[in-house]
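# Topology and contacts: notes
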Amino acid sequence: MRAVLVINAGSSSVKYQLLDPVTGQSHARGLIERIGLPTGAVHHTVDGVRHEQQLPVPDHEAAMHLLTRAFTQHGPDLSQVDLAAVGHRVVHGGADFADPVEVTPAVLATIERLVPLAPLHNPGNLDGITAAREAFPDVPQVAVFDTAFHQTMPEAAATYAVPKVWREQHRVRRYGFHGTSHAYVSRRVAELLGRPLEELRTVVLHLGNGASATAVEAGRSVDTSMGLTPLEGLVMGTRAGDLDPGLAGHLARVASMSMDDYDQALSKESGLLGLTGSADMREVMARRDEGDPDAELAFQVVVHRLLRYVGGFTAVLGGLDALVFTAGIGENDPRVRAAVVDRLAFLGVELDHAANEAAVRGVEGRISTPGSHVEVWVVPTNEELEIARQAAAVVEA
Ligand code: ADP
């Protein structure tokens, strides 16, 4: 059995999945959580059975040891697997990585150099890679970057109109994130439509806890809603998305707010959480059903922001062939989809309301009518499979 082990290492958790990059079959998946805290846990799921063990996990090296032990105890036996690669999700590849790469000391040094651009993510990613190199010394390690897909953005879309010294010395520009998801979903919808990627103009809405929109032309990202950091753009679970850049100065003056507090509030206390007290869209929608005005407003703000991006990206693309919803909210919430799509009637988009209501999580499906001028789809994202495929392609090249 040939497989890729995909690792998504954060500062306090390691998610992993063993899968076949060709068929997409998942052989096992797991999560090691609360690394570095007094109580940790290992969850390993194989053949639909979830094995769980509570124990402290002091660091990423220990996590990798527990990962290999989970495979030994519960299967599949890694010594029987032809492990083509370990594929690592790395959040920020800056302008240095437009493609996945095999990890070398030079690559590690570059990812380290990018830490100032992603201080919350790249260090955990690096710890995961370092530990995996020790645990699997004979297997190629491949880094797959969340930003890479967006390196095709034209300069006009990637450039902030800020002083030259910021742009040149501090690498201030728009990078974009969720690239593996946008790459997977935009390619998949072309397959589902049976049309060449080259002739499609697609907007992908990845709506999870983090959310982003991407304009894809001929398979290449030409604009995306996230920027230098994953804070720009859509309203998210706890992130504000777009703001007036004057807000920082305003709060510094009227509330003596520090930059750290400002950063913290915009990434952890804003978005749905800031508007309603809950970061979870299910809860927000349940409260909206009960007539809660904050939940109603939050829903309207989310939809309004989505419309601005879909409309703007349609103009950037010079038209729209496909609109695709993915991730937790995109795959599950018919009302968000309907609110967005119904407002796009001026583009000749027509929602099939029954199909929209019937769409179920994890299942691909068209939710536009046969007469709609734009194909509207729900396509479940599969970032692990995309990472596995990209990692396998690097190794085979
Ligand atoms: P992450 O970005 O952490 O991977 P997900 O893609 O799982 O997150 O998306 C999480 C979001 O999806 C949450 O806001 C959650 O409330 C929302 N969600 C999940 N199921 C539903 C549902 N049935 N209706 C509305 N929102 C849902």
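Provided above is the structure to which this section pertains.
Attention in this report is confined to the structure presented alongside it. As the structure is a computational prediction, the values presented were derived from the model and not from experiment.

Scanning the model with the defined rule gives one cavity of 30 Å³ or more in all. Taken together, the residues of the lining of the largest cavity break down into 10 nonpolar, two polar and no charged.

Taking a probe equal in size to a water molecule and rolling it over the atoms shows the remaining empty space. Counted as a void, the second largest pocket has a volume near 190 Å³. At the level of elements, α6 (179-193) and β11 (220-224) are the ones that each hand at least two residues to the lining of the second largest pocket. Counting residues per element, the lining of the second largest pocket draws most heavily on α6, at three residues.

Counted according to the given criterion, the structure contains three aromatic pairs. Measuring from centroid to centroid gives 5.6 Å for tyrosine 16 and phenylalanine 71, while their planes differ by 50°, and the two rings are tilted. Remark: phenylalanine 71 occurs in helix α1 (residues 60-74) and tyrosine 16 occurs in strand β2 (residues 13-19); sequence separation between them is 55 residues. Like phenylalanine 71, tyrosine 16 is buried. Note that arginine 288 overlies the ring of phenylalanine 299, its terminal NZ or CZ placed 3.8 Å from the centroid.

A few words on the sheet that holds strand β12 (residues 322-326). The strand order across the open sheet built from six strands is β11-β10-β9-β12-β14-β13, with neighbouring strands paired in mixed fashion. The strands lining the two open edges of the sheet, one partner per strand, are β11 and β13 (365-366). Summarising the sheet, β12 and strand β14 (residues 375-378) pair through four bridges and their orientation is parallel. Pairing of valine 324 across the sheet is with tryptophan 377, part of β14. Sitting on the sheet, α6 is in contact with β9 (201-207), β10 (211-217), β12 and β14, with an inclination near 130° to β9. Relative to β12, helix α13 (residues 334-342) is tilted by about 160°, and along the sheet it contacts β9, β12 and β14.

Cut-offs and rules
- Residues numbered from 1 in each chain as written.
- Predicted model: local features only at pLDDT ≥ 70, side-chain atom pairs only at ≥ 80, totals over all residues.
- Heavy atoms only, no water.
- 1 Å grid on protein atoms, 1.4 Å probe; cavity = no way out; pocket = protein on both sides within 12 Å on 5 of 7 lines; lining within 4 Å.
- Points joined across faces, edges and corners; volume = space filled by probe spheres on them.
- Nonpolar A, V, L, I, M, F, W, Y, C, P; charged D, E, K, R; others polar.
- Helix = DSSP H or I, 4+ residues; strand = E, 2+ residues; numbered from the N terminus.
- Phe/Tyr/Trp six-rings, centres within 6.5 Å; stacked < 30°, edge-to-face > 60°.
- Buried < 20%, exposed > 50% of the residue type's maximum accessible area, 1.4 Å probe, protein only.
- Lys NZ or Arg CZ within 6 Å of the ring centre and 35° of its normal.
- Pairing = 2+ DSSP bridges.
- Contact = heavy atoms within 4.5 Å.
- Axes fitted to C-alpha atoms, helices over the stretch in contact; angles between N-to-C directions.

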